[in-house]
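# Observations on chain architecture
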Amino acid sequence: MRDDDEFIRVAHVREITEDEGTVKIINDEEIAIFRVKGKYYAVSNICPHQHSPLIAEGCVENMYVSCPLHGWQFHLETGAMPNGLPGLKTFDVRVIDDEIHVRVQERRDSIEW
Ligand code: FES
């Protein structure tokens, strides 16, 4: 459901497990939602290497999610790879009354491949 400032409610906090990804489709875009240390992150679910829709299935360690196919890593906050190269689109997230909202527009500081 769309909010008036481009944030869309995507899930209740109960749906998101710590250090695991959950895929939501927003405006035909697959977005992987993560919770790490109680904070929520939204990144594209599509790995820029071979365009595999698997990011939500990746392991999370030290704020990086690893694509399960070949292990490319992406920072959940910036989307960048460990070497600083661009990686995933990232999206703003907010939580209101235990509902997770994602801004459908890509963040301006997102470092995409
Ligand atoms: S498809 Fe993600 S690392 Fe190769």
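The structure we're discussing is the one just above.
As the structure is a prediction and not an experimental result, all values here were calculated from the model. (Residues numbered from 1 in each chain as written. Predicted model: local features only at pLDDT ≥ 70, side-chain atom pairs only at ≥ 80, totals over all residues.)

### Details of the overall build of the protein chain
Summing up its helical and strand segments, the protein chain has 0 helices and 9 strands in all. When the helices and strands of the protein chain are read in sequence order from the N terminus, they spell out β-β-β-β-β-β-β-β-β. The buried share of the protein chain, taken over its 113 residues, is 33%. Across the protein chain, the fraction of contacts at a sequence separation of at least 24, relative to all contacts at a separation of at least 6, is 43%. (Helix = DSSP H or I, 4+ residues; strand = E, 2+ residues; numbered from the N terminus. Buried ≥ 20, exposed ≤ 12 C-beta atoms within 10 Å, placed from the backbone. Contact = placed C-beta atoms within 7 Å.)

### Digging into the environment of Phe34
With respect to the secondary-structure elements, Phe34 resides in strand E3 (residues 29–36). Residue Phe34 is classed as buried on the basis of its 24 C-beta neighbours within 10 Å. Placed 13 residues apart in sequence, Phe34 and Gly21 show a C-alpha to C-alpha distance of 4.8 Å. In this structure Phe34 touches Gly21, Tyr41, Val60, Val65 and Leu76, once residues within four positions along its chain are discounted.

### Looking at the sheet that holds strand E6 (residues 64–66)
Strand order in the open sheet formed by 3 strands is E5-E6-E7, with antiparallel pairing between adjacent strands. Unpaired on one side and paired on the other, strand E5 (59–61) and strand E7 (73–75) mark the two borders of the sheet. Strand-to-strand twist across the sheet, computed as the mean angle between neighbouring axes with direction ignored, equals 30°. Strand direction decides the pairing type here: E5 and E6, joined by 3 bridges, are antiparallel. Bridge pairing in E6 places Val60 opposite Val65. (Pairing = 2+ DSSP bridges. Axes fitted to C-alpha atoms, helices over the stretch in contact; angles between N-to-C directions.)

### A short note on the environment of Leu54
Relative to the elements of secondary structure, Leu54 occurs in the loop between strand E4 (39–44) and E5. What Leu54 contacts, discounting residues up to four positions off in sequence, is Cys47, Cys67, Pro68 and Leu69.

### Some words on unusual backbone geometry
You will see that Lys37, though not glycine, has its phi angle at about 50°, which is positive. Along the polypeptide, Lys37 turns up in the loop between E3 and E4. Despite not being glycine, Asn62 shows a phi value in the positive range, around 50°. Of note, Asn62 is situated in the loop between E5 and E6. Its 9 C-beta neighbours within 10 Å are what place Asn62 among the exposed residues.

### Comments concerning the environment of Val43
With respect to the helices, strands and loops of the structure, Val43 is situated in strand E4. Sequence separation between Val43 and Ile33 is 10 residues, and the spatial gap between their C-alpha atoms is 6.7 Å. Residues within four places of Val43 in sequence aside, it is in contact with Ala32, Ile55, Phe74, Leu76, Gly79, Leu88, Lys89 and Thr90.

### A short note on the nonpolar core
Side chains of a nonpolar character, in soluble globular proteins, are inclined to be buried together. Ranked by size, the top nonpolar core spans 22 residues in total, and within it Ala32, Ile33, Ala42, Val43, Ile55 and Val102 carry the most contacts. For this core, the leading source of residues is E3, giving 4 residues. Once residues within four sequence positions are removed from consideration, Val102 is found in contact with Phe7, Ile8, Val10, Ile26, Ile31, Ala42, Phe91 and Val93. (Core = buried A, V, L, I, M, F, W, Y, C linked by C-beta atoms within 7 Å.)

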